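Letter by letter, the chains look like this.
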Amino acid sequence: MSAAPAEHVLTSSAPSAAPPPDLSPPVAVRQWPRSFAALEVRDYRLYLTSQMVATTGLWMQRIAQDWLVLELTGSVTAVGVAVALQFMPMLFLGLLGGVVADRFPKRTILIVTQSTLALVATTLGVLALTGTVQAWHVYVLATVLGLVTVVDNPTRQVFVSELVGPAHIRNAVSLNSSVFQLGALVGPAVSGALIHAVGQGWSFLINAASCLVVVTMVAVIRSRPAPTTRRAAGQTRELREALHYIGRTSEVAWSIVLAATIGLFGLNMPVILAAFADHVFATGVRGYSLFNSLTAVGALAGAILSARRQSVPRLRVLTGTLVLLGLMVMLAALAPSTWLFGIVLVAIGFCTLQFLTGTNSLVQTTATPALRGRVMSVYLLVLLGGQALGGPCVGWLIDHYGARASMFGCGTLVAVVSVGVGLMMARRSHLTVELELRGSSRLPLHIVPAHH
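Parameters and conventions
Residues numbered from 1 in each chain as written. Predicted model: local features only at pLDDT ≥ 70, side-chain atom pairs only at ≥ 80, totals over all residues. Heavy atoms only, no water. Disulfide = S-S within 2.5 Å. Buried < 20%, exposed > 50% of the residue type's maximum accessible area, 1.4 Å probe, protein only. Axes fitted to C-alpha atoms, helices over the stretch in contact; angles between N-to-C directions. Helix = DSSP H or I, 4+ residues; strand = E, 2+ residues; numbered from the N terminus. Parallel < 35°, antiparallel > 145°, perpendicular 65-115°, else oblique. Left-handed = near helix turned anticlockwise from the far one by under 90°. Contact = heavy atoms within 4.5 Å. Nonpolar A, V, L, I, M, F, W, Y, C, P; charged D, E, K, R; others polar. Salt bridge = Lys/Arg side-chain N within 4 Å of Asp/Glu carboxyl O. Expected span 1.5 Å × (residues − 1). pLDDT = per-residue confidence, 0-100. Polar contact = N/O pair within 3.5 Å; in protein donor to acceptor, adjacent residues only side chain to side chain.

Enquirer: Describe the state of the cysteines, with residues and values.
Expert: In the structure shown here, the tally under the stated rule is zero disulfides. You can see Cys-393 has no disulfide; the closest cysteine sulfur is in Cys-410, sitting 9.4 Å from it. With relative accessibility at 47%, the residue Cys-393 sits in the partly exposed group.

Here it is as structure tokens:
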């Protein structure tokens with residue numbers, strides 16, 4: 001790591017000095033298994049409980065929104081536009097979201113953002129149930145959702161790290177991912193059944209109720225927050241400070257480059273799966289929800305495996321995982337049948353979650369607490385902003401060249417760019433690959449210094 005977390009400094013105060021206020025979250029006496037170590041913190045248990053409900057509602061809305069746009073327009077490109085509008089604000093305002101997260105109390109921010117998201121979901125639900133919804137309604141509300149996400153996403157990332165402390169950040173990130181993917185497993189299935197029976201409206205209203213659950217649980221949490229950052233230097237200087245930190249911290253910089261790669265080319269599955277369900281396999285909304293659930297099965301397995309690990313993965317492992325993801329996407333594009341396509345989707349979900357959990361924990365544990373909100377906003381900017389750019393492009397490619405060719409191209413780009421990034425990292429670190437034909441090591445390939 002290039003920078004040690006500042007929390008470690010607090011443990012070295014002199015005995016004669018007045019002890020600083022204890023800002024670490026209280027730890028319960030009960031000892032949880034290693035895979036659930038972060039649950040020792042009461043406030044985090046409350047927060048994670050709310051996320052179990054919220055992520056199910058979120059995925060229900062995602063499925064309903066994508067299929068609603070496809071029904072209203074008949075265009076996969078239009079689905080990509082809706083996805084892009086949801087993430088586009090992150091491209092232009094993402095850094096400001098990090099500044100807000102660093103300056104103000106996280107609980108207050110989350111109560112405001114989640115209440116706003118509940119209002120957006122309610123509006124969309126009423127429009128759908130009354131039969132007055134039009135594509136432009138979805139576009140406008142997706143943009144509003146994106147504006148809220150600019151502040152909500154980095155705040156939630158930093159809020160979790162404040163709840164659990166540096167010792168449990170990686171485990172908390174993995175548990176968050178597990179819960180998110182559990183929602184991705186249940187939400188699409190429930191939403192698909194609801195859409196088939198009564199339309200999209202109820203999925204939106206259920207998500208609105210789940211946002212209010214988050215508001216309630218966050219209001220109950222009474223943990224002592226870390227001091228907020230209030231600088232007189234201005235936003236521009238604060239943003240420059242964060243960017244300069246990223247530039248001189250190689251672990252964070254390369255993680256963000258890899259996140260940009262998957263954001264642009266590897267996280268456009270909603271658009272691709274909608275096309276496969278509608279154009280390739282003709283399975284309708286039930287097939288679309290099934291494909292999303294199968295992806296979530298693999299992602300949930302990846303999150304559970306990640307939760308058992310104590311150490312943060314190295315950059316070379318993350319790069320290799322992204323290369324494997326690209327290969328799996330290419331293989332799925334060639335799948336001749338629905339069942340084989342579904343099997344590969346499980347592998348895609350597994351690789352995706354392994355990578356996202358690893359990069360998230362690496363960035364959070366490397367960044368200093370005073371800059372964590374702004375650093376995470378840059379990470380989320382390239383991750384979600386990449387989806388904003390990639391969504392319409394993938395939709396256009398599908399409408400003009402077909403779903404299979406477009407998916408294969410996305411996988412190829414992920415694999416090739418990841419290999420190129422890996423080679424650049426090795427060159428800058430003066431590393432090379434050595435082949436050992438004899439010896440007791442299980443792996444004949446070793447990464448060693450170039451002058452070894």
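Enquirer: How would you summarise the packing of helix H1 (residues 42-73) against helix H2 (residues 76-103) if you had to cite specific residues and measurements?
Expert: Running from N to C, H1 and H2 cross one another at 140°; their axes reach a closest spacing of 8 Å. In terms of orientation, H1 and H2 fall into the oblique class. Where H1 crosses over H2, the handedness of that crossing is right-handed. Only Val-76, Ala-78, Val-79, Ala-82, Val-83 and Gln-86 of H2 make contact with H1, whose side of the interface consists of Gln-65, Asp-66, Val-69, Leu-70 and Thr-73. Here the contact of H1 with H2 is composed, by residue class, of seven nonpolar, three polar and one charged.

Enquirer: I'd like a description of the pattern of salt bridges, backed by residues and values.
Expert: Taken as a whole, this structure holds five salt bridges when the rule is applied. The partner of Arg-374 in a salt bridge is Glu-241, with the nearest N and O atoms 3.5 Å apart. In this pair, Arg-374 is assigned in helix H13 (residues 372-401) and Glu-241 in helix H7 (residues 235-248), connecting sequence segments 133 residues apart. Among the residues examined, Arg-374 registers a relative accessible area of 1% and is labelled buried. Where salt bridges share partners, they join Asp-102, Glu-241 and Arg-374 into one cluster.

Enquirer: Any chance you could break down helix H6 (residues 201-220) for me, citing the residues and the numbers?
Expert: Residues separated by three or four positions in an α-helix point in the same direction, a consequence of the helix having 3.6 residues per turn. Here H6 contains 20 residues, and its C-alpha end-to-end distance of 30 Å stays within 8% of the 28 Å for a straight helix at 1.5 Å per residue. Every buried residue of H6 is listed here: Gly-201, Ser-203, Phe-204, Asn-207, Ala-208, Ser-210, Cys-211, Val-214, Val-215, Met-217 and Val-218. Contacts made by the buried residues of H6 are with H1, helix H3 (106-129) and helix H5 (169-198).

Enquirer: Let's hear about the environment of Val-138: which residues, and what values?
Expert: Residue position: Val-138 is located in helix H4 (residues 135-164). For Val-138, a relative accessible area of 0% puts it in the buried group. Sequence separation of Val-138 and Gln-65 is 73 residues, and the distance between their C-alpha atoms is 7.6 Å. Apart from the residues lying within four places of it in its own chain, the contact partners of Val-138 are Gln-65, Leu-68, Val-69, Leu-124 and Val-133.

Enquirer: So, the confidence of the model for the protein chain: which residues are in play, and what are the values?
Expert: Per-residue confidence for the protein chain gives a mean pLDDT of 82; residues scoring 70 or more make up 84%. With pLDDT under 50 throughout, residues 1-22 is counted as low confidence; its partners more than four residues away or in other chains account for 20 contacts. Low pLDDT (under 50) marks residues 441-448, which in the prediction has 18 contacts with non-local residues, meaning those over four places away or in another chain.

Enquirer: Which residues make up the side chain of Thr-77, and what values go with them?
Expert: Along the chain, Thr-77 falls in helix H2. Within the structure, Thr-77 has its side chain in polar contact with the side chain of Asp-399 (distance 2.3 Å). Not counting residues within four places of it along the chain, the set of residues in contact with Thr-77 comprises Pro-392, Gly-395, Trp-396 and Asp-399.

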